[in-house]
Amino acid sequence: MPVITNIDDLKRIYRRRVPKMFYDYAESGSWTEQTFRENTSDFDRIYLKQRVAIDMTGRNLSTKMIGQDVAMPLGLAPVGLTGMQNADGEIKAARAAENFGVPFTLSTMSICSIEDVAEHTTRPFWFQVYTLKDDDFMQRLFDRAKAAKCSAAMITVDLQMLGQRHKDLKNGLSAPPKLTPASVANMMTKVHWGLGMLGTKRRSFGNIVGHAKGVSDPSSLSTWTSEAFDQALDWDRIRVFRKMWDGPLIIKGIMDPRDALEALNVGADAIIVSNHGGRQLDGALSAIRALPAIMDAVGDKIEVHLDSGIRSGQDVLKALAMGAKGTYIGRAFVYGLGAMGEAGVTKTLEVIQKELDTTMGLCGRRDVHDLDRDILMVPKGFSGEWE
């Protein structure tokens, strides 16, 4: 195994090993990609305060997210098409997360189904759903998640319509993918990836094909995806979904304090400050810049997590110090998965854990529960001084 010192090391291997179509799917945002870029660059604007001559022994990263024990306050975010980044990718990522002691969240748009992941893991994972029009399909998704002993549901609320991602259109990346001569030629150069895909039966959307009305095979998926998402979604509709699931509920995609309060009112157990990794509304604030105003609005009335832009343990620490109780990685674990499969996801988690642990100690703190803004230097106006 090559020496991996940071997430960018995995990203370089990932880019070499995975077809361009799927690399671009992960490594892109909507329109100009301003929000995609600033999700990461805005973390760099926050500085850390180094402390010395303070006892750094006995450091602790373990905590809870929605009442569940975690080895560190970080989970694997739901990522669609993960099983096309590496054969059986969702299963591999879920196993790595389980062995490490952090949550794994399966996307509705996964290649491996809920049942596939449950069969290959021994501990409960979380399941993410989109806000779809079909009540029967939504209820059956929740029921399948409960049957698979999923310990939390996550509702993504920022995908009522799809933000335009130029690279996906040019690559023919859709559901299902539309292969072009260029993409096929590129795939043929990715031998290790190709052998893995030939060796698995899981190459379609396992939670949808054979489950959604009118979707009996991959060829009928395109019509379903263009019509399934509910542009009329409102908070009353989300209350309906809350009734369909009686377990812990997380609402993902909150970027405005008013929406954070609405999520609190519908009975969510946690919210995720997230702009979908910069893949929806381009020109929106980065997630880390949106976090302070949301913390001011809800305080400790609801658990607040952060997703979008996390690429290091330092990023995790900064989000926690600004009030988040948990964080998520999407692209970072995909880099590891595409680079080295399950071992790559484990390496991603090891890198972030070491960065978080070392940085926390150098900031003079020994426990993640003790992190606060006193260890940060935040620029004036960072969270916004707008007319």
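Before reading on, note that the structure itself is shown above.
Caption draft 1: Quick look at the packing of aromatic side chains. All chains considered together, the criterion is met by six aromatic pairs. Here the aromatic rings of Tyr-14 and Tyr-23 are separated by 5.3 Å at their centres, their planes lie at 40 degrees, and the arrangement is tilted. According to the relative accessible area criterion, Tyr-14 is buried, its value standing at 0%. Given the relative accessible area of 7%, Tyr-23 is considered buried.

Caption draft 2: Quick peek at unusual backbone geometry. We note that Leu-81 has phi near 65 degrees; this positive angle belongs to a residue other than glycine. The residue Leu-81 is located in the loop between strand E4 (74-76) and helix H4 (82-85) in this model. According to the relative accessible area criterion, Leu-81 is buried, its value standing at 4%.

Caption draft 3: Summary view of the pattern of salt bridges. Counted by the stated rule, this structure contains 22 salt bridges. Its salt-bridge partner being Lys-146, residue Asp-246 comes within 3.1 Å of it at the nearest N-O pair. Here the residue Asp-246 occupies a position in the loop between helix H12 (235-244) and strand E8 (249-254), and Lys-146 occupies one in helix H7 (residues 135-147), the gap between them amounting to 100 residues. For Asp-246, a relative accessible area of 62% gives the class exposed. Note that Asp-269 is salt-bridged to Arg-242, the shortest N-O span being 3.6 Å. Taken together, the residues span a long stretch of sequence, with Asp-269 in the loop between helix H13 (257-265) and strand E9 (270-273) and Arg-242 in helix H12 at a distance of 27 residues. Overlapping salt bridges bring together Asp-88, Asp-116 and Arg-202 as one network.

Basis of the calculations
- Residues numbered from 1 in each chain as written.
- Predicted model: local features only at pLDDT ≥ 70, side-chain atom pairs only at ≥ 80, totals over all residues.
- Heavy atoms only, no water.
- Phe/Tyr/Trp six-rings, centres within 6.5 Å; stacked < 30°, edge-to-face > 60°.
- Buried < 20%, exposed > 50% of the residue type's maximum accessible area, 1.4 Å probe, protein only.
- Helix = DSSP H or I, 4+ residues; strand = E, 2+ residues; numbered from the N terminus.
- Salt bridge = Lys/Arg side-chain N within 4 Å of Asp/Glu carboxyl O.

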